[in-house]
Amino acid sequence: MNFSKLAPWNWFKDEESNKGEVSPVKNNNQVSTNSAGSLLDIHREFDSLFHSLRQNIEHSFAPFNLGNIANEGWFKPSLDVATSDNEYTVKLEIPGVEAKDMQIEIDGDTMIIKGEKKQESEEKNKDFYRIERSYGSFQRVLNLPQDADVDKIESTHKDGVLTINIPKKSLPKSDTKRIEIKSK
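Residues numbered from 1 in each chain as written. Predicted model: local features only at pLDDT ≥ 70, side-chain atom pairs only at ≥ 80, totals over all residues. Heavy atoms only, no water.

1. With respect to the sheet that holds strand S4 (residues 110-117)
Across a sheet, strands are paired by hydrogen bonds formed along the backbone, either parallel or antiparallel in direction. For the record, the criterion: One requirement defines pairing of two strands: DSSP has to find at least two bridges between them. Where helices and strands are cited, they refer to DSSP runs of H or I of at least four residues and of E of at least two residues respectively, numbered from the N terminus. For helices, the fitted line uses only the C-alpha atoms of the stretch in contact; every axis is such a line through C-alpha atoms, and the angle between N-to-C directions lies from 0 to 180 degrees.
Spatial ordering of the open sheet is given by S3-S4-S5, a layout of three strands whose pairing is antiparallel. Taken across any chain shown, the strands that pair with only one partner, and hence form the sheet edges, are strand S3 (102-107) and strand S5 (136-143). Neighbour to neighbour, the strand axes of the sheet diverge by 15° on average, direction disregarded. By the bridge criterion, six bridges tie S3 to S4 in an arrangement that is antiparallel. Paired with Ile106 across the strands is Met111, a residue of S4.

Written as structure tokens, this is what we have:
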């Protein structure tokens, strides 16, 4: 049995430390009956609570025309990580960001995706009642699995989605050796 599929690679172990932020994946089809699922549900509730709090703060300050002050540093594109037999696929949803405003770096086993969503020209004669669009620099940090072929990574940007294809390379087979047990 291949146990590697039961325990997925931790793509976000460096992002969880101090290089970025954590975004839990919400799957409405998933029913949790164990304690780990309950903890995930609590985590999702807290994320929802803080998201609501952020929106309330933004709405409170909007009549004072603080512009984008409430949004600074809060732009974080959502991403999906998927796998197939031949490759890993990472997709970032980044509408309004041009390819020239992004870069992908590989540092050892870490992939850093960074860029900037620039604010459109400011309209000086308008007082905004509500600003929901987020702007600013972003960075996502992903730890690559051991079988990722970093020399053949390709990326494309189309319709506000950055797609990164990471081919898998074959890892050397483990040198498992059986030792005969003799009975006396």
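2. Regarding the nonpolar core
Across soluble globular proteins, you tend to see nonpolar side chains buried next to one another. Selection rule: Definition used in this section: a nonpolar core is a set of buried Ala, Val, Leu, Ile, Met, Phe, Trp, Tyr and Cys residues joined via side-chain atoms within 4.5 Å. For each residue, the accessible area found with a 1.4 Å probe, counting protein chains only, is set against the maximum for its type, and the residue is called buried under 20%, exposed over 50%, and partly exposed in between. We call two residues in contact when some of their heavy atoms are within 4.5 Å.
Counting 17 residues, the largest nonpolar core has Val90, Met111 and Ile166 as the members making the most contacts within it. Mapped by element, the contributors of at least two residues to this core are strand S2 (87-93), S4, S5 and strand S7 (161-167). Discounting chain neighbours no more than four positions away, the residues touching Val90 are Trp11, Asp80, Val81, Met111, Leu142, Leu162, Thr163, Ile164 and Ile166.

3. Some points on the pairing of strand S6 (residues 154-158)
Pairing analysis gives five bridges linking S6 to S7, with the strands arranged antiparallel. Bridging from a neighbouring strand, Glu154 pairs with Asn165 of S7. The turn joining S6 and S7, which pair antiparallel and follow one another in sequence, is formed by two residues; a positive phi near 55° is taken by Asp159.

4. A short note on the pattern of salt bridges
Oppositely charged side chains may form a pair once their charged atoms are brought near each other. Worth spelling out the cut-off: We define a salt bridge as a contact between a side-chain nitrogen of Lys or Arg and a carboxyl oxygen of Asp or Glu at a distance within 4 Å.
Using the criterion set out here, one finds three salt bridges in the structure. Between Asp101 and Lys100 there is a salt bridge; the shortest N-O distance is 3.7 Å. On the accessibility criterion, Asp101 (16% relative accessible area) is buried. Given a relative accessible area of 63%, Lys100 falls into the exposed group. A salt bridge links Asp149 to Lys152; its shortest N-O distance comes to 3.9 Å.

5. Quick word on the side chain of Thr163
Mapping Thr163 onto the fold places it in strand S7. Take Thr163: its relative accessible area is 15%, and that puts it in the buried class. Those residues in contact with Thr163, other than ones at most four positions away along the chain, are Thr89, Val90, Lys91, Glu154, Ser155 and Thr156.

6. A look at the side chain of Lys117
Rules: Polar contact is defined as a pair of N or O atoms within 3.5 Å, subject to the rule that within protein one atom must be able to donate a hydrogen and the other to accept it, and that residues adjacent in sequence are counted only when both atoms are side-chain atoms.
Position of Lys117 relative to the elements: it lies in strand S4. Its relative accessible area of 14% is what places Lys117 among the buried residues. A polar side-chain atom of Lys117 sits 3.5 Å from the main-chain carbonyl oxygen of Pro95.

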